Amino acid sequence: MNRDESSGPPADIVDEVFDAAWEAEARRTVAEVGFDPGLAVRVARDALRVARGDLSPAQFHETYHAAYMRAFGMDLRPSGEEDASQPETSQDLVEFRITVPESPAGADLPGDDDGTPALVSRRTAVKAAGAGAAALLLAQMAGAWLPGAAADGGAHGGHQAAPPPADQSTKASGKRQMGMVIDLEKCDGCLFCVNACRQAYSLTDGVHWIYVFAYKEPDSPDVHLLPRLCNHCSNAPCVKVCPTTARHRRSDGLVLTDYDVCIGCRYCQVACPYGVNYFQWGDPKKNGGGYTGERRDARGRSVVGDPPRGVMGKCTFCPLRQDSHHEQGTTNCALACPHDVLHYGDLNDPQSEPNLYLERRRQELGGRLRTFRLLEDLGTKPNVIYIGAPPSKKAKEVPGPVAYEDWGLVHRRRDALEGPEPWFRRLAGGK
């Protein structure tokens, strides 16, 4: 099925964001891991149409169900009007991995050349066995993910795992929505947040779950700064396109990847208009004290830390902290910020840190507080709120006041791996 066969009506803003340059990059991205790039492009555009309300979830599922079955041997996306981006209730999950191809850049990554054998491709096995066998396999393995499944007790690395917060009724109701307020008027580009995140999770070189972009507007000599991280959208396109439900929303609104379920197809990567996802070509570093890649959250799901080889990664909003009585409402990046820029908490709670900060700043500015959310008109419902002015379509990226190299960081992911998506061009129109 080609794009013309999409059941969604024309939506110019979708084609504007996911333009020809995006499509070329998306096709290259997905082809590298051996999945169907044409299908990825089509479902990414239509997932945005679902987010905007131009296409129903049922139409979306029906349109691509046969293609998903051919491509993946399964299609665990919701089949009805239920929204795939809503917080999970129960999951039919299966543990499998794809065979990881060689990095296109031939990168010499930590842990990449240690002789670790490629992971077994159960995707191929499931496809060969057919849909009936796939369903049986799913049913057999779903039990491992039922509530009460054993979680890693946190015997190694990072802070100790802790029981979930006492207010289970609030979490279970799905009313909690963790998010962040970022005050651009106070950010000086020091990169403390970037380094704190990297240290906490021993992130792969070139991977930045939070990244501070520096840019200039054509009519001003000033350098502007914009910390970018996953927006943990309430209506996330990445969740809608995932064939295995690996990408999901937790009941507190965190958008996470279950590393035991992700097959590394990169469909979430091309469907995200914010460009925050990456494919883990090598093994995660395990030499750092903060390594948490083998830890599990309070549900027993593998969603913590830099991902294993062959699956997708991005900012997680520190799920172990949210599972802790003592650390809930904190993130490593916000704690490290010396300038009161990052404020994290429950956006649905009027008394949370981010909402109290917004109110305080509003009073300081006589009620004239300017805020925005990135690409909000796409309907993704991002949960990162910026104080300040958004970059214009003519903004151009420039060097920041502090170099990533000064922190011992790899600035350009492409230098170490395969490169970031041109998300800034899509966001600010900096063509």
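Thresholds, definitions, all that
Residues numbered from 1 in each chain as written. Predicted model: local features only at pLDDT ≥ 70, side-chain atom pairs only at ≥ 80, totals over all residues. Heavy atoms only, no water. Phe/Tyr/Trp six-rings, centres within 6.5 Å; stacked < 30°, edge-to-face > 60°. Helix = DSSP H or I, 4+ residues; strand = E, 2+ residues; numbered from the N terminus. Buried < 20%, exposed > 50% of the residue type's maximum accessible area, 1.4 Å probe, protein only. Lys NZ or Arg CZ within 6 Å of the ring centre and 35° of its normal. Expected span 1.5 Å × (residues − 1). Arc of directions from axis to C-beta. Contact = heavy atoms within 4.5 Å. Pairing = 2+ DSSP bridges. Axes fitted to C-alpha atoms, helices over the stretch in contact; angles between N-to-C directions. Parallel < 35°, antiparallel > 145°, perpendicular 65-115°, else oblique. Left-handed = near helix turned anticlockwise from the far one by under 90°. Core = buried A, V, L, I, M, F, W, Y, C linked by side-chain atoms within 4.5 Å.

**Student:** Mind showing me how you'd approach the packing of aromatic side chains here?
**Tutor:** Where two aromatic rings form a pair, the distance of their centres and the angle of their planes describe that pair. This model, assessed by the stated rule, comprises 13 aromatic pairs. Between Phe35 and Phe72 the ring centres are 5.5 Å apart and the planes differ by 35°, which places this aromatic pair in the tilted class. Of this pair, Phe35 sits in the loop between helix 2 (20–31) and helix 3 (37–52) while Phe72 sits in helix 4 (residues 57–72), and the two are 37 residues apart along the sequence. As far as burial versus exposure is concerned, Phe35 and Phe72 are alike and both buried. For the ring pair Tyr68 and Phe72, a centre distance of 5.2 Å and an interplane angle of 55° mean the geometry is tilted. Of the two residues, Tyr68 and Phe72 are both situated in helix 4; the distance of four residues between them amounts to about one turn of the helix. Comparing Tyr68 with Phe72 shows no difference in burial state: the two are buried. Members of the aromatic cluster, joined through ring pairs, are Phe35, Tyr68, Phe72 and Tyr267. Just above the ring of Tyr68 sits the side chain of Arg77; from NZ or CZ to the centre is 4.2 Å.

**Student:** Even after reading the chapter, I still don't get helix 12 (residues 353–364), so can you show me in this structure?
**Tutor:** Note: α-helices contain 3.6 residues per turn, so residues at a spacing of three or four share the same orientation. The first and last C-alpha atoms of helix 12 sit 16 Å apart over 12 residues, in line with the 16 Å expected at 1.5 Å per residue. Burial in helix 12 covers these residues: Pro354, Asn355, Tyr357, Leu358 and Arg361. One side of helix 12 carries all its buried residues, which in axial view fall inside an arc of 160°. Contacts from the buried residues of helix 12 go to strand 1 (178–183), strand 8 (342–346), strand 9 (371–372) and strand 10 (384–387). Phi for Gly366, located one or two positions after helix 12, is positive at around 65°.

**Student:** Just checking my understanding: could you explain the pairing of strand 1 for this structure?
**Tutor:** The side chains of a regular strand alternate, first on one face of the sheet and then on the other. A large share of strand 1 lies buried, amounting to six of its six residues. Direction of pairing for strand 1 relative to strand 8: antiparallel, over a ladder of five bridges. Each bridged residue has a counterpart across the sheet, and for Gly179 the counterpart in strand 8 is Gly345. When strand 1 meets strand 10, the two strands line up parallel, connected through four bridges. Bridge pairing in strand 10 links Met180 to Val384.

**Student:** Mind showing me how you'd approach the packing of helix 3 against helix 4 here?
**Tutor:** Two quantities define a packed helix pair, namely the angle between the helix axes and the distance between the axes. As a packed pair, helix 3 and helix 4 sit with axes 11 Å apart at the nearest point and diverge in direction by 160°. In this view, helix 3 runs roughly antiparallel relative to helix 4, as classed from their interaxial angle. In the packing of helix 3 onto helix 4, the handedness of the crossing is left-handed. Contact residues: Leu39, Arg42, Val43, Asp46, Ala47 and Val50 in helix 3; Pro57, Phe60, Tyr64, Ala67, Tyr68, Ala71 and Phe72 in helix 4.

**Student:** Before we go on, may I ask you to explain the nonpolar core in this structure?
**Tutor:** For soluble globular proteins, nonpolar side chains are generally found buried alongside one another. Grouped together as the largest cluster of nonpolar side chains are 97 residues, with contacts concentrated most on Leu39, Phe72, Met180, Ile182, Tyr267 and Leu342. Looking at this core element by element, the count peaks at eight residues for helix 3. The contact partners of Leu342, leaving out residues within four places of it in the chain, are Met180, Val181, Ile182, Cys193, Ile210, Cys333, Ala334 and Cys337. Listed in part, the seven residues of the second largest apolar core include Leu347, Tyr357, Leu358 and Ile385.

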